[in-house]
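As a plain string of letters, each chain reads:
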Amino acid sequence: MRILSVETSCDETGLSIIDTYQKEDGVHMEVQADTLLSQALLHAEYGGVYPSLAKREHAKNLGPLLIETLKQAECCIPAKEAKVSKETIGDIKELLYREPELFVHLTTLLTNIEKPDIDVIAVTHGPGLEPALWVGVNFAKALSLAWGIPIMPLNHMEGHLAAAFATKVAEKQYILSEPQLPALIMLISGGHTELVLLKKWFSTENRNDYEKIGSTRDDAVGEAFDKTARLLGLPYPGGIEIAKLAAAAREENLEKPYSLPRPMLKTNNYDFSFSGLKTATRNLVQGMGNPTNEQKKQIAREIEDAITEVLVTKTKRAIEEHGIRSLAVGGGVSASTHIRAALEALAEEYEDMTLYKPARELSTDNGLMIAFAAAMNTYKTNNLEIISANGNLSID
Ligand code: KG4
Ligand code: ZN
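This is a predicted model, so every value here is computed, not measured.

Asks: Tell me about the overall build of the protein chain, and name the residues and values.
Replies: Along the backbone of the protein chain there are twelve helices and twelve strands. A compact globule built from 396 residues would reach a C-alpha radius of gyration of about 21 Å, and the protein chain, at 22 Å, matches this within 12%. Referenced to the eigenvectors of the C-alpha coordinate spread, the extents of the protein chain come out at roughly 70 × 50 × 35 Å. Evaluated residue by residue, the protein chain yields a buried proportion of 55% over its 396 residues.

Here it is as structure tokens:
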């Protein structure tokens, strides 16, 4: 089955095309196209993602990115005559009335190329920034109308999860194979911090069976990194900046003079809270006036240590209380070398436990992870009319 995927939930516009086939050892996925445009530099000026700017950028970028994607997959074939009827163009115009630029790009493209050989269009419909999600959903609906291809709406967090379980076996080749169950998945991103139990792996009849057992009560982990980074005068997105400073502090063997809180470390549940860490960092930084570079490194290390300790402690408790046999981590924060190493060490404490993690380039938002999630849901295709964006969509 050939899948075209669309991701626009936050500040990355991602499209991909993969071919999937079932074999005895799992679902094989071959990457035929993978394109991504990040708006991070544009949003950096605002210190975070600015929703209406994100929406505008997605609308501007989707048309050119689609051409690039189809070309990469060698299915951008010029048509000898107009391929889409006037009536359909009228329907697409109505659908994209808020995105006139995207409408122009799309209709020029759609009337000039042959219908590509694609079986399903997979699109993120939540969670995320609703205006940004809508652009992707309407874009997918327009393609579906023009080409008569069904749409599959997908959960962005399931995309992160699918990227974690997709084992890279060769260049552009991935396999999704059933982990030992039950599995525990930690989803850590700019908008989410969740512990999810995976009790049943997908088959041709069933989807994965998820149960969310813990989540954040306020800021997400990535948000905590981004906000504390800002307090230290570091650019957005801050996670990677904190990681660099923290790594330097460890390498230079700097002293550890500061102590920040480990929120909810000892509470008897799997929930998280990171706003107290942000407040404590603010107080610490304000009390110092103008921290030196060395002090910034020391604080960054303490932030990373505090967050990692909370994540690992809660994960360890969940492993033991739920008889977990496989561990997975996904989402933008799973790019963190320090957090990966800590989870790797945790998995090693248990016999036969594997840590599933995304290829590093697939940790942060991208289009491929949505295609992988679609491969996990191939039995499910939906009717056009009932798909809508939902900023608060849950994984279970
Ligand atoms: O999944 P993602 O790309 O977007 C959302 O769905 O939110 O996650 C972005 C988050 C940002 O908060 C960013 O600071 C964080 O992932 N991040 C990191 C690292 N790389 C990205 N956090 C810690 N260490 C990193 N190396
Ligand atoms: Zn994400």
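Next comes the rest of the account.
Asks: With reference to specific residues and values, describe the sheet that holds strand S8 (residues 183-188).
Replies: Ordered in space as S10-S9-S8-S11-S12, the five strands form an open sheet in which the pairing is mixed. Because the sheet does not close on itself, it has two edges, and the strands there are strand S10 (209-215) and strand S12 (354-356). Between one strand and the next, the sheet's axes are offset by a mean angle of 25°, whatever the strand orientation. Bridge count for S8 against strand S11 (residues 326-330) is five bridges, and the pairing is parallel. Paired with Ala-183 across the strands is Ser-326, a residue of S11.

Asks: Describe the sheet that holds strand S5 (residues 151-155), naming the residues involved and giving the relevant values.
Replies: The pairing of strands in a sheet happens through backbone hydrogen bonds and is either parallel or antiparallel. Reading across from one edge, S5-S4-S1-S2-S3-S7-S6 is the order of the seven strands in this open sheet, with mixed pairing throughout. The sheet terminates laterally at S5 and strand S6 (166-170), the two strands that pair on one side only. Pairwise comparison of adjacent strand axes, ignoring direction, gives a mean angle of 30° for this sheet. In this structure, strand S2 (residues 12-23) lies alongside strand S3 (residues 26-38), joined through twelve bridges in antiparallel fashion. In the strand pairing of S3, Ile-18 is matched with Val-31.

Asks: Tell me about the pattern of salt bridges, and name the residues and values.
Replies: What the rule picks out here adds up to 19 salt bridges. We note a salt bridge from Asp-305 to Arg-250, for which the minimum N-O separation is 3.0 Å. A residue pair is termed long-range when its members are at least 10 positions apart, and Asp-305 in helix H10 (residues 293-321) and Arg-250 in helix H8 (residues 238-251) qualify at 55 residues. On the basis of relative accessibility, which here comes to 16%, the residue Asp-305 falls in the buried class. With its nearest N and O atoms 3.2 Å apart, the salt bridge here joins Glu-344 to Lys-357. With Glu-344 in helix H11 (residues 337-348) and Lys-357 in the loop between S12 and helix H12 (368-375), this pair connects stretches of sequence that are 13 residues apart.

Asks: Break down H8 for me, citing the residues and quoting the values.
Replies: For H8, built from 14 residues, the straight-helix expectation of 20 Å at 1.5 Å per residue is met to within 8% by its first-to-last C-alpha distance of 20 Å. Where H8 is concerned, the buried positions are Gly-238, Ile-242, Leu-245, Ala-246, Ala-248 and Ala-249. In an axial view of H8, the angular spread of the buried residues amounts to 155°, which keeps them on one side of the axis. Projecting away from the buried face of H8 at angles above 90 degrees are the exposed residues Ile-240, Lys-244 and Glu-251. Turning to H8, the residues buried within the fold contact helix H7 (221-231) and H10. Immediately beyond the C-terminal end of H8, within one or two residues, lies Asn-253, with a positive phi of roughly 55°.

Rules and cut-offs
Residues numbered from 1 in each chain as written. Chains lettered and ligands numbered in written order. Predicted model: local features only at pLDDT ≥ 70, side-chain atom pairs only at ≥ 80, totals over all residues. Heavy atoms only, no water. Helix = DSSP H or I, 4+ residues; strand = E, 2+ residues; numbered from the N terminus. Rg over C-alpha atoms; globule rule 2.2 N^0.38 Å. Buried < 20%, exposed > 50% of the residue type's maximum accessible area, 1.4 Å probe, protein only. Pairing = 2+ DSSP bridges. Axes fitted to C-alpha atoms, helices over the stretch in contact; angles between N-to-C directions. Salt bridge = Lys/Arg side-chain N within 4 Å of Asp/Glu carboxyl O. Expected span 1.5 Å × (residues − 1). Arc of directions from axis to C-beta. Contact = heavy atoms within 4.5 Å.

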